[in-house]
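Breakdown of the fold
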Amino acid sequence: MGWNEWVRTAEIEPSIYAADFSRLGEQLETLLQAGARIFQFDTGDGHFVEPITIGPIVLESISEIVHRHGGVLDCHLMVESPEKHFQEIAKAGGDSVTVHYEACDDLPAVIGRARELGLGVGVAFNPETEPDDVVAAAGRLVDLVLCMSIHPGYSGQPFMLESLPRVRRLRELLADGVHIQVDGGVGADNAAEIRAAGANLLVAGTSVFGQEDIAEAYGRLARAIA
């Protein structure tokens, strides 16, 4: 299976980075029962982005829970030399990896390595990077393109409105089978607009895990993009 089987038209992807790690398994179970199927797993290395976040040990600890319910772990690697981590991520239960355009000297080779390990693959780009450059480099090679709508690294930042025309440009450039993901500042007040711009994978961290009722928060966002 791959991204075209995982995506039910459009998906809200809860971002595990924003979870309460003292209750991580419980929160994942709650969201899976509420209908969530794709979860974003953010890894930061302290180099490409300032914070050091979560890695394969945490991924391995949750992959059985997610997979048992038919879920998918979408690993966003905010790291330098991401290909060095692919094998460990695949072994820990990751289903797909997304690498940053800005972090890869030879993007086709990096994508090829992910494919060799049976991983889905995406390419992310930062707010300073032009969508046209990313699509020219990798648009025919990946399952998804991730348009960062914040500067990567920290959860809870506000959505950058200038991301919307960038998403529309991606939809013009990419083939229909390539998914568009948006990460950063997604909430109930803008999810429908982001979806209308052409994104069908919306990553939501604080707007899910930061709410008192995370199942209702997920459901509200899912309804907004239905």
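This text gives an overview of the structure that appears in the document. (Residues numbered from 1 in each chain as written. Predicted model: local features only at pLDDT ≥ 70, side-chain atom pairs only at ≥ 80, totals over all residues. Heavy atoms only, no water.)

1. Looking at the overall build of the protein chain
- Broken down by element type, the protein chain carries ten helices and eight strands.
- Against the globule reference of 17 Å for 226 residues, the protein chain gives a C-alpha radius of gyration of 16 Å, in line with a compact fold.
- Dimensions of the protein chain, computed from C-alpha atoms along their principal axes, come out at roughly 40 × 35 × 35 Å.
- Out of the 226 residues belonging to the protein chain, those deemed buried represent 57%.
- Here the contacts in the protein chain between residues at least 6 apart in sequence split such that 65% fall between residues at least 24 apart.
- Here the protein chain displays about 9,700 Å² of accessible surface, and carbon together with sulfur accounts for 48% of that area.
- One finds the centroid of the 16 positive side-chain charges in the protein chain at a distance of 6 Å from the centroid of its 34 negative side-chain charges. (Helix = DSSP H or I, 4+ residues; strand = E, 2+ residues; numbered from the N terminus. Rg over C-alpha atoms; globule rule 2.2 N^0.38 Å. Buried < 20%, exposed > 50% of the residue type's maximum accessible area, 1.4 Å probe, protein only. Contact = heavy atoms within 4.5 Å. Areas by Shrake-Rupley, 256 points an atom, 1.4 Å probe, with all protein chains shown as cover. Lys, Arg positive; Asp, Glu negative; His and termini not counted. Charge placed at Lys NZ, Arg CZ, Asp CG, Glu CD.)

2. So, the nonpolar core
- Core analysis: the biggest nonpolar cluster contains 61 residues, and Ile 16, Phe 39, Val 97 and Val 145 have the highest contact counts within it.
- If we ignore the near neighbours within four places in the chain, the residues touching Ile 16 are Phe 21, Leu 24, Leu 28, Phe 39, Gln 40, Phe 41, Ile 54, Ile 62, Leu 73 and Phe 209.
- The next biggest cluster of nonpolar side chains, apart from the first, holds eleven residues, and it includes Val 7, Ile 38, Leu 144 and Leu 146. (Core = buried A, V, L, I, M, F, W, Y, C linked by side-chain atoms within 4.5 Å.)

3. As for the sheet that holds strand E4 (residues 96–100)
- A sheet is described by the order of its strands in space; here eight strands give the open sequence E1-E8-E7-E6-E5-E4-E3-E2, paired in parallel fashion. Each of the sheet's edge strands pairs with one partner strand only, and the pair in question is strand E1 (11–14) and strand E2 (38–44). For this sheet, the mean inter-axis angle between neighbouring strands, taken without regard to orientation, is 25°.
- Summarising the sheet, strand E3 (residues 72–78) and E4 pair through three bridges and their orientation is parallel. Residue His 76 lies in a different strand from E4, and its bridge partner there is Thr 98.
- Strand contacts of helix H10 (residues 214–225): E1 and strand E8 (201–204), with the helix running at about 150° to E1, the strand carrying the most contacts. (Pairing = 2+ DSSP bridges. Axes fitted to C-alpha atoms, helices over the stretch in contact; angles between N-to-C directions.)

4. With respect to the packing of aromatic side chains
- This model, assessed by the stated rule, comprises one aromatic pair.
- Between Trp 3 and Trp 6 the ring centres are 5.1 Å apart and the planes differ by 70°, which places this aromatic pair in the edge-to-face class. Pair noted here: Trp 3 and Trp 6 are both in helix H1 (residues 3–6), with a separation of three residues, about one helical turn.
- On the basis of relative accessibility, which here comes to 2%, the residue Trp 3 falls in the buried class.
- Overall, Trp 6 belongs to the buried group, its relative accessible area being 13%. (Phe/Tyr/Trp six-rings, centres within 6.5 Å; stacked < 30°, edge-to-face > 60°.)

5. Some remarks on helix H3 (residues 56–68)
- The first and last C-alpha atoms of H3 sit 18 Å apart over 13 residues, in line with the 18 Å expected at 1.5 Å per residue.
- In the structure, H3 departs most strongly from a straight axis at Ile 62, where the bend amounts to approximately 40°.
- When H3 is considered as a whole, its buried residues turn out to be Leu 59, Ile 62, Ser 63, Ile 65 and Val 66.
- Those residues of H3 that are buried lie in contact with helix H2 (24–34), E2, E3 and helix H4 (86–92).
- One or two positions beyond H3, positive phi appears at Gly 70, with a value near 80°. (Expected span 1.5 Å × (residues − 1). Bend = angle between axes of the 7 residues up to and from the residue.)

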